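Examining the three-dimensional arrangement
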Amino acid sequence: MAQIPYRVLARKYRPSDFTGLIGQEALVRTLTNAFATGRIAHAFMLTGVRGVGKTTTARIIARALNCIGPDGKRTEPTIQPCGQCEPCISIAESRNVDVQEMDAASRTGIDDIREIIEGVRYAPVAARYKVYIIDEVHMLSKQAFNGLLKTLEEPPPHVKFIFATTEIRKVPVTVLSRCQRFDLRRIDSAELAAYLATLAEKEQVKIEEGALALIARAAEGSARDSLSLLDQAIAHGEGETITTETVRQMLGLADRGRVLDLFEKLMAGNIAEALEDLRSLYDAGADPLAVMQDLLETTHFLTRVKVAPAAQGFFDGGSGEAKRAAELAKQLPVPALTRAWQMLLKGL
């Protein structure tokens, strides 16, 4: 039997409907109401950092617009595509002739847009709507944007445009004003960690909670980044239980307790000991840049604790490090913390 090629987790668990899309409740609610009342815009602009679900959302919208139901009798768009009908399957497999995905990074010119403008006039071949998904739309040239304007303002009723971009400021205001804009937010670390835990269970991988929290924090709110890191951690663990220490070594992170030790010695003026600590962290595989960032995070956390004693952040609420940090915050005046912040920032 032919062996099935391995698919990375980010592709294997790409959501196929809105129930699987985490952390974007505002977007889902707005779209659900729009589909329920039939007030579906002709152009959508999806923006946000990498890996939060822009292209995934665009594909789900394309399926929602064209789903005909398992029995083939559905005549209106639905916010819950069935995933079984021909349009749903063909869109998921990127072979539907009426749903065209275009990468604006590689097709930036007016000639590429002219193809779309020409194609817009014709009715869809097999689907309910013709859907044009343009990824990284900010890469289009000025002429290409201008060429698109008239079509974008008054497209035929059978055409929908979905744009995705990481750099919304590079998109002309004239284009933005013709689209319904959705800002996809960074996913909360706790939500991301919980999501990773469910996937680890599906993959039958044992992983400590602390390790998941580290991966979620390192992903900086990106679901794709977190899945890539989880993939790496599984490979790194080789079938054993993945520990917090394993992930810390893999990410080149310094232990938070040791970072606090280093910060304490720096602020006390014990430079020789501080340099010794930094050397041992470096020898243990910590990235010096990551140590600098951790020291900055520590400074930021301590400053927040001065203003709001119950502040949560870099050190987890109930941990021993958090209690030590709170004690340290009491001893350090705000001007000293401000100076430390400025010097660390210059160092970075």
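So, here is what we can say about the structure in this document. (Residues numbered from 1 in each chain as written. Predicted model: local features only at pLDDT ≥ 70, side-chain atom pairs only at ≥ 80, totals over all residues. Heavy atoms only, no water.)

Thoughts on the overall build of the chain
Short version of the rule: Helix and strand definitions here come from DSSP, where helices need a minimum of 4 consecutive H or I residues and strands a minimum of 2 consecutive E residues; each element is numbered from the N-terminal end. Here the term buried applies to any residue with accessible area under 20% of the maximum for its type, exposed to any over 50%, and partly exposed to those in between, with areas from a 1.4 Å probe on protein chains only. The contact rule is simple, with two residues in contact once any of their heavy atoms fall within 4.5 Å. Using the Shrake-Rupley algorithm and a 1.4 Å probe, accessible areas are obtained, with residue cover drawn only from the displayed protein chains. This count recognises Lys and Arg as positive and Asp and Glu as negative, with His and chain-terminal groups excluded. A charged residue contributes its charge at one atom only: NZ of Lys, CZ of Arg, CG of Asp or CD of Glu.
Within the chain, the secondary structure is distributed over 16 helices and five strands. Once the C-alpha set of the chain is aligned to its principal axes, its extents read approximately 75 × 55 × 35 Å. Across the 348 residues of the chain, 45% fall into the buried class. Taking the intrachain contacts of the chain between residues at least 6 apart in sequence as the baseline, contacts between residues at least 24 apart amount to 72%. Of the accessible surface of the chain, which amounts to about 18,700 Å², a share of 52% is contributed by carbon and sulfur atoms. Averaging the positions of the 43 positive and the 44 negative side-chain charges in the chain gives two centres separated by 6 Å.

Side note on helix H2 (residues 25–37)
Spelled out, the test is: Expected helix span is taken as 1.5 Å per residue step, with the number of steps being one fewer than the number of residues. Our arc is simply the arc of the directions from the helix axis toward the C-beta atoms.
In this model H2 runs 18 Å from its N-terminal to its C-terminal C-alpha over 13 residues, within 8% of the 18 Å that 1.5 Å per residue would give. Buried residues of H2: Leu27, Val28, Leu31, Ala34 and Phe35, and no others. With its buried residues spanning 130° around the axis, H2 presents them on a single face. In this structure, H2 carries Arg29, Ala36 and Thr37 as exposed residues pointing more than 90 degrees from its buried face. On its buried face, H2 is in contact with strand S1 (43–47), helix H3 (54–66) and strand S5 (180–183). Note on H2: the residue one or two positions beyond its end, Gly38, has a positive phi of about 80°.

Here's the deal with the nonpolar core
In plain terms, the rule: Side-chain atoms within 4.5 Å are what join buried Ala, Val, Leu, Ile, Met, Phe, Trp, Tyr and Cys residues into a set we call a nonpolar core.
Ranked by size, the top nonpolar core spans 27 residues in total, and within it Leu192, Ile207, Ile215, Leu227, Leu230 and Val247 carry the most contacts. Among the elements of the structure, helix H1 (9–12), helix H8 (189–202), helix H9 (209–218), helix H10 (223–237) and helix H11 (244–251) are those that each provide at least two residues to this core. With six residues, the top contributor of residues to this core is H8. The residues contacting Ile207, other than those within four sequence positions of it, are Ala200, Leu212, Ile215, Leu230, Thr241 and Ile242. One finds Ala41, Phe44, Ala58 and Ile60 within the second-largest nonpolar core, a separate group that totals 26 residues.

Side note on the sheet that holds strand S2 (residues 99–103)
Going by this rule: Here, strands pair whenever DSSP counts at least two bridges between them. Whenever a helix is involved, its axis is fitted only over the stretch in contact; in every case the axis is a line through C-alpha atoms, and angles between N-to-C directions fall within 0 to 180 degrees.
Spatially, five strands are ordered S2-S3-S4-S1-S5 in an open sheet, and the strand pairing comes out parallel. Each having just a single partner strand, S2 and S5 make up the two edges of the open sheet. Averaged over all pairs of adjacent strands, the angle between strand axes in this sheet comes to 15°, irrespective of strand direction. Looking at chain direction, S1 and strand S4 (residues 159–165) are connected through five bridges and run parallel. Within S4, the position partnered with Leu46 by the bridge is Ala164.

Remarks on the packing of aromatic side chains
Going by this rule: Between rings of Phe, Tyr and Trp, where Trp is taken as its six-membered ring, a pair exists when centres lie within 6.5 Å; planes separated by under 30 degrees are stacked, by over 60 edge-to-face, and by other angles tilted.
Enumeration over the complete set of coordinates arrives at three aromatic pairs. Measuring from ring centre to ring centre gives 6.0 Å for Phe161 and Phe163, while their planes differ by 20°; the resulting arrangement is stacked. With a relative accessible area of 0%, Phe161 lands in the buried category. The class of Phe163 is buried, set by a relative accessible area of 1%. Members of the aromatic cluster, each reached through a chain of ring pairs, are Tyr132, Phe161 and Phe163.

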